[in-house]
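Residues per chain, in single letters:
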Amino acid sequence: MGKGFFKVPKAVNEPVKGYAPGSPERKAVLEVYKELWNTKVDVPLYIGKEEIRTGNTTEMYPPHDHKHLLGTYHNADKGLVEKAIEEALKAREKWANLPWEERAAVFLKAADLIAGPYRAKMNAATMIAQSKTVHQAEIDSACELIDFLRFNVEFMANIYNDQPNSSEGVWNRVEYRPLEGFVYAVTPFNFTAISGNLPTSAALMGNVVVWKPSASQVFSANVIVEVLRKAGLPAGVINVVNGDARMVTEVLLASPHFAGIHFTGSTGVFQSIWKQIGDNIHKYRTYPKIVGETGGKDFIIAHPSADAQEVATAITRGAFEFQGQKCSAASRVYLPKSKADAILALVKKDVESFKMGSPEDMSNFITAVINKTAFDKLASYIDQAKKDKEASILVGGGYDCSKGWFIEPTVIVTTNPKYTTMETELFGPVVTVYVYEDAQWSETLKLVDETSEYALTGAVFADCRYAIDEAVKALANAAGNFYVNDKPTGAVVGQQPFGGARASGTNDKAGSAQNLLRWVSPRLIKETFVSPTDYRYPFLG
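This structure is a prediction, so every number in the text was calculated from the model and none was measured.

Cut-offs applied
Residues numbered from 1 in each chain as written. Predicted model: local features only at pLDDT ≥ 70, side-chain atom pairs only at ≥ 80, totals over all residues. Heavy atoms only, no water. Phe/Tyr/Trp six-rings, centres within 6.5 Å; stacked < 30°, edge-to-face > 60°. Lys NZ or Arg CZ within 6 Å of the ring centre and 35° of its normal. Helix = DSSP H or I, 4+ residues; strand = E, 2+ residues; numbered from the N terminus. Buried < 20%, exposed > 50% of the residue type's maximum accessible area, 1.4 Å probe, protein only. Expected span 1.5 Å × (residues − 1). Pairing = 2+ DSSP bridges. Axes fitted to C-alpha atoms, helices over the stretch in contact; angles between N-to-C directions. Contact = heavy atoms within 4.5 Å. Core = buried A, V, L, I, M, F, W, Y, C linked by side-chain atoms within 4.5 Å. Arc of directions from axis to C-beta. Parallel < 35°, antiparallel > 145°, perpendicular 65-115°, else oblique. Nonpolar A, V, L, I, M, F, W, Y, C, P; charged D, E, K, R; others polar. UniProt positions renumbered as here; feature names shortened; annotations may be inferred. Salt bridge = Lys/Arg side-chain N within 4 Å of Asp/Glu carboxyl O.

A. The packing of aromatic side chains, seen in detail. Overall, the coordinates contain 18 aromatic pairs when judged by the stated rule. One aromatic cluster is present, formed by Trp100, Tyr160 and Tyr176 through successive ring pairs. Here Lys132 stacks its cationic end above the ring of Phe191, 4.1 Å away from the centre of that ring. For Arg173, the ring lying beneath its charged end belongs to Trp171, and the centroid distance is 4.4 Å.

B. Region of interest: unusual backbone geometry. A positive phi is found at Ser131, a non-glycine position, where the angle reads about 55 degrees. Relative to the helices and strands, Ser131 resides in the loop between helix 4 (119–130) and helix 5 (134–161). What makes Ser131 buried here is its relative accessible area of 0%. One non-glycine residue, Arg502, adopts positive backbone phi at about 50 degrees. In this structure, Arg502 sits in strand 22 (residues 501–502). The exposure class assigned to Arg502 is partly exposed, which follows from its relative accessible area of 38%.

C. Here's a closer look at helix 4. In this model, helix 4 (12 residues) spans 16 Å end to end at C-alpha, consistent with the 16 Å of a helix rising 1.5 Å per residue. The element helix 4 is largely enclosed, with a buried count of 11 among its 12 residues. Phi turns positive one or two residues past the end of helix 4, at Ser131, with a value near 55 degrees.

D. Fine view of the sheet that holds strand 5 (residues 71–74). Within the open sheet, the three strands sit side by side as 1-5-4. Their pairing is mixed. On the outer flanks of this sheet lie strand 1 (41–43) and strand 4 (57–60), each paired with one strand and no other. Adjacent strand axes in the sheet meet at a mean angle of 20 degrees, parallel and antiparallel pairs treated alike. Of the strands in this sheet, strand 1, strand 4 and strand 5 touch helix 7 (residues 218–230), which is tilted by about 75 degrees from strand 1.

E. Local environment of the nonpolar core. In this structure, Phe107, Phe182, Tyr184, Met205, Trp211 and Ile261 are the most contacted members of the largest nonpolar core, which totals 105 residues. Contact partners of Phe107, with chain neighbours within four places excluded, come to Trp95, Leu149, Thr200, Ala203, Leu204, Leu228 and Leu233. In terms of nonpolar packing, the next biggest core, distinct from the first, is built from 36 residues, Phe189, Ala368, Phe375 and Val448 among them.

F. Spotlight on helix 1 (residues 24–37). End to end, helix 1 covers 20 Å across 14 residues, agreeing with the expected 20 Å (1.5 Å per residue, within 8%). For helix 1, the complete set of buried residues consists of Glu25, Val29, Val32, Tyr33, Leu36 and Trp37. End-on, the buried residues of helix 1 take up no more than an arc of 135 degrees, which puts them together on one face. Set apart from the buried face of helix 1 by more than 90 degrees, the exposed residues are Pro24, Lys27 and Glu35. Looking at the buried residues of helix 1, the elements they touch are helix 4, helix 5 and helix 7.

G. Fine view of the packing of helix 4 against helix 7. One can describe the packing of helix 4 onto helix 7 by two numbers: an axis separation of 8 Å at closest approach and a directional angle of 160 degrees. Taken together, the axis directions place helix 4 and helix 7 in an arrangement best described as roughly antiparallel. Of the residues in helix 7, those in contact with Lys121, Met122, Ala125, Thr126, Ile128, Ala129 and Gln130 of helix 4 are Phe219, Ser220, Val223, Ile224, Glu226 and Val227. By residue class, the composition of the contact of helix 4 with helix 7 is eight nonpolar, three polar and two charged.

H. Structural view of the UniProt feature "domain: Aldehyde dehydrogenase" (unreviewed entry) in the protein chain. Here the UniProt-annotated "domain: Aldehyde dehydrogenase" (unreviewed entry) positions come out as residues 56–514. Helix makes up 42% of residues 56–514 and strand 19%, and the two end C-alpha atoms of the span are 40 Å apart.

I. Highlighting the environment of Pro497. Within the fold, Pro497 resides in the loop between strand 21 (481–484) and strand 22. Note on Pro497: relative accessible area 29%, which makes it partly exposed. Pro497 has contacts with Asn481, Lys509, Ala510, Gly511 and Ser512, leaving out every residue within four places of it along the chain.

J. Main features of the sheet that holds strand 14 (residues 391–395). Pairing is mixed in the open sheet, where seven strands are placed in the order 14-17-18-13-12-20-21. Single-partner strands in this sheet number two, and they are strand 14 and strand 21. Recorded for the sheet is a direction-independent mean angle of 20 degrees between the axes of neighbouring strands. The pairing of strand 12 (residues 298–302) with strand 13 (residues 330–336) spans four bridges and is parallel. Across the sheet, the residue bridging to Ile301 is Tyr334, located in strand 13. Lying on the sheet, helix 11 (residues 337–353) is in contact with strand 13, strand 14, strand 17 (410–414) and strand 18 (430–436); it crosses strand 13 at an angle near 140 degrees.

K. Inspection of the pattern of salt bridges at higher detail. Enumeration according to the criterion identifies 27 salt bridges in this entry. A salt bridge links Arg53 to Glu51, with the nearest nitrogen and oxygen atoms 3.5 Å apart. Since its relative accessible area comes to 42%, Arg53 is described here as partly exposed. Across the pair Asp112 and Arg150 runs a salt bridge whose closest N-O atoms are separated by 2.7 Å. Residue Asp112 is found in helix 3 (residues 100–115), and its partner Arg150 is found in helix 5; the two are separated by 38 residues along the sequence. Note on Asp112: relative accessible area 46%, which makes it partly exposed.

So, in structure tokens, the structure goes:
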């Protein structure tokens with residue numbers, strides 16, 4: 001029962017720590033890194049109140065040292081996935097009826113735990129599991145996850161405060177009910193923050209969740225579970241199952257209580273899930289909410305008026321931070337002939353200065369790609385570019401899997417604007433450049449728009465305001481997050497809501513109230529204070 005109109009703490013973006021040599025945060029994260037590195041973990045399934053160890057386990061190895069065993073995680077069978085549904089629905093009875101401020105307090109506490117006592121552990125786990133540099137781990141697993149948790153509470157309060165007008169003698173009010181059933185959260189390897197946000201955003205709005213983390217991110221996802229439990233999240237609200245992705249998905253989507261999916265991953269998998277939902281649509285108690293952020297083939301286009309150094313820095317940061325394993329990473333670049341040589345010379349200089357190796361050595365800018373599958377795919381495209389007459393390697397092109405899955409940051413220059421690496425999502429440290437004639441600016445904008453099936457992020461660099469305006473209009477549908485004179489990565493919660501359309505997803509904008517609105521089913525209540533007692537209207541005379 002409500003006892004006040006509560007104001008939530010004002011959300012502000014978590015400051016990013018620098019990890020400079022000698023800093024306390026650097027010392028703390030390295031200590032925890034070594035502790036985690038030398039401790040074998042045994043990750044259970046989290047179903048209701050139970051930690052379940054099935055004995056059917058999968059081993060975990062860091063990408064930058066694939067012979068070092070980190071531990072194991074336990075896999076679910078069909079019966080345990082069904083049990084996760086049962087426990088979620090059981091927890092829903094109390095969770096959905098808990099006052100909103102009590103739900104908010106759980107996630108606000110989780111944010112403070114990550115900002116404080118769990119910061120080093122969250123970052124170190126992400127450095128190890130996903131081979132992120134400390135800077136990439138900090139902006140992801142600490143700051144962005146903290147921001148998601150805090151801003152989502154503020155967004156929730158704003159949503160609840162959005163109420164209809166009432167006429168004389170009538171009180172209209174809207175309640176934002178959780179969905180009737182459970183939400184399936186499917187999270188990717190590349191961002192710990194996304195792994196934390198997809199299940200918690202739905203749970204914040206009163207839903208219960210069955211969460212399947214990426215197999216390559218279970219190690220750091222387990223720290224998220226630890227934080228949520230410490231923050232007081234009741235048992236059964238978020239249930240965590242690992243195992244065969246196809247089996248888990250089939251069981252969950254077959255349930256009549258399936259009410260929605262919060263997904264980040266590949267376009268192909270998302271389309272397959274959508275089809276399964278369509279095939280099962282007659283089974284469900286309610287039409288499921290389908291929210292997905294998928295692939296990208298993100299671009300940078302430079303106008304002849306652009307500054308060469310600014311463009312070069314955007315390419316090297318946008319394409320190669322976290323080894324290009326961001327759905328927003330710059331993957332195709334269009335340079336004007338008059339500036340191309342200068343820009344490419346600067347990019348080559350940057351890339352040749354990169355150090356590559358373990359994230360524990362904080363002088364390294366580049367570490368390993370996530371696994372053997374990614375390594376083999378990237379190596380094959382690099383090898384093909386070396387053979388093709390319409391492509392050449394400007395810098396990079398090497399790779400080595402003897403210790404870890406290391407791919408050199410690689411710049412391909414092509415004479416064909418529809419060359420395979422200009423169109424195909426590679427998800428690695430490979431960027432392809434096409435040089436256009438200066439006079440073909442407008443035609444090249446059209447080319448950018450038509451080349452890819454995706455529409456996630458993109459950037460234009462120009463000093464000419466008319467050129468910027470033309471690009472913004474011509475590329476209106478080419479990117480859900482569009483950047484002017486900045487790299488196409490690094491969206492900040494509360495500032496740049498993130499998501500794209502076309503084959504890049506449903507564009508439901510994580511990090512905004514738009515996303516949270518997908519996890520509620522509003523109910524309008526109209527109360528009339530003095531009810532009519534005669535059916536006759538005045539027009540009847």
